[in-house]
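# Residue-level structural notes
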Amino acid sequence: YECISNFGFNEDQVKDILKTTDTNTGRQFFTNTHRAVLDRHHLLLTPTRSPNTTEEVFLNAPTEKVDLQDCVIYASISNQLPTHFEKNTAHLAMDKLTFPLKFRRWKSGDVFQPIGMNGRQQKLKDFFVNNKLSLLDKEKIWILESSGVICWIVGWRVDERFRIDEGCKEVLVLERKV
């Protein structure tokens, strides 16, 4: 109680928090200013989210810079296939994209086709569980979509349908900088 009372949590809330078990991962407790989230063996405290948080940002051209609040995405076009891949860089086939591209937060029911799963779909919810992301981590994830289809989980994985191949003439390179 002494540790979290300064964040507005009362004794009853603290008792409820202490009664919960590991099976309640994701359970949330709120005050006027903060939120406590149970995540496996941890209690994560965060300020409540501002209602003015941007939820959609558009990339109108393949050579723009996009500010996503917690990171910046730099877009460019390349005529060369990459020799290596990095987690915070996406290489997408230009001929498979339709502009404007939309950055948005993930939502329940989202699915994509991760590279390496032979075209099978995976729910983003399952992808996040497999990667052991907390609720707070999931809320920070941005999704890039083209014509309503997910093409990149920003900073994580490119969708199979937008991957580059040998026949690709132009590559959209998206670099995430924190």
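Residues numbered from 1 in each chain as written. Predicted model: local features only at pLDDT ≥ 70, side-chain atom pairs only at ≥ 80, totals over all residues. Heavy atoms only, no water.

Here the focus is the side chain of Asp-110. Assignment of secondary structure puts Asp-110 in the loop between β8 (101-105) and β9 (111-112). The exposure class of Asp-110 is buried, given its relative accessible area of 9%. Reaching out from Asp-110, the side chain makes a polar contact with the side chain of Arg-104 at a distance of 2.9 Å. Setting aside its immediate chain neighbours within four residues, Asp-110 contacts Arg-104, Gln-122, Lys-123, Leu-124, Ile-143 and Ile-150. (Helix = DSSP H or I, 4+ residues; strand = E, 2+ residues; numbered from the N terminus. Buried < 20%, exposed > 50% of the residue type's maximum accessible area, 1.4 Å probe, protein only. Polar contact = N/O pair within 3.5 Å; in protein donor to acceptor, adjacent residues only side chain to side chain. Contact = heavy atoms within 4.5 Å.)

For the rest of this paragraph, the subject is the pattern of salt bridges. The full count for this structure, using the stated rule, is 10 salt bridges. Where Glu-145 meets Lys-102, a salt bridge forms, and the shortest distance between an N and an O atom there is 3.5 Å. Taken as a pair, Glu-145 in strand β11 (residues 142-146) and Lys-102 in strand β8 lie far apart in primary sequence, 43 residues in all. Accessibility expressed as a relative area gives 19% for Lys-102, which makes it buried. A salt bridge links Glu-160 to Arg-163; the nearest nitrogen and oxygen atoms lie 3.1 Å apart. Under the relative-accessibility criterion, Glu-160 is labelled partly exposed at 21%. (Salt bridge = Lys/Arg side-chain N within 4 Å of Asp/Glu carboxyl O.)

Before going further, it helps to spend a moment on unusual backbone geometry. Cis rather than trans, the peptide bond between Phe-99 and Pro-100 has omega equal to 0°. Tracing the backbone shows Pro-100 in the loop between β7 (89-93) and β8. Unusually for a residue other than glycine, Gln-69 sits at a positive phi of about 75°. Take Gln-69: it is sitting in the loop between β5 (65-67) and β6 (72-78). Overall, the relative accessible area of 44% leaves Gln-69 in the partly exposed class. With phi around 55°, Asn-118 is a residue other than glycine that occupies positive phi space. Judged by relative accessible area, which is 73%, Asn-118 ranks as exposed.

Spatially, five strands are ordered β4-β8-β11-β12-β13 in an open sheet, and the strand pairing comes out antiparallel. Edge positions in the sheet fall to β4 (56-59) and β13 (157-158), since each of these pairs with one other strand and no more. Summarising the sheet, β8 and β11 pair through four bridges and their orientation is antiparallel. When the bridges of β11 are listed, Arg-105 appears paired with Trp-142. (Pairing = 2+ DSSP bridges.)

Here the focus is the sheet that holds strand β2 (residues 34-39). If you walk across this open sheet you meet the three strands as β1-β2-β3, and the pairing is antiparallel. Of all strands in the sheet, those with a lone pairing partner are β1 (28-30) and β3 (42-47), marking the two edges. Within the sheet, the average angular offset between the axes of one strand and its neighbour, ignoring direction, is 20°. Where β2 lies against β3, six bridges are found, and the strand directions are antiparallel. From the neighbouring strand, Arg-35 faces β3, where its bridge partner is Thr-46. (Axes fitted to C-alpha atoms, helices over the stretch in contact; angles between N-to-C directions.)

Time to look at the packing of aromatic side chains. With the rule as written, the count across this model stands at four aromatic pairs. Both rings, one in Trp-106 and one in Phe-128, keep their centres 5.1 Å apart while their planes meet at 75°; by these two values the pair is edge-to-face. Of this pair, Trp-106 sits in the loop between β8 and β9 while Phe-128 sits in helix α2 (residues 124-130), and the two are 22 residues apart along the sequence. Judged by relative accessible area, Trp-106 falls into the partly exposed class, the value being 22%. Here the aromatic rings of Phe-127 and Trp-156 are separated by 6.1 Å at their centres, their planes lie at 90°, and the arrangement is edge-to-face. Placement of the pair is Phe-127 in helix α2 and Trp-156 in the loop between β12 (149-153) and β13, with a sequence separation of 29 residues. (Phe/Tyr/Trp six-rings, centres within 6.5 Å; stacked < 30°, edge-to-face > 60°.)

So far we have only geometry, and geometry alone does not tell us how the molecule works.
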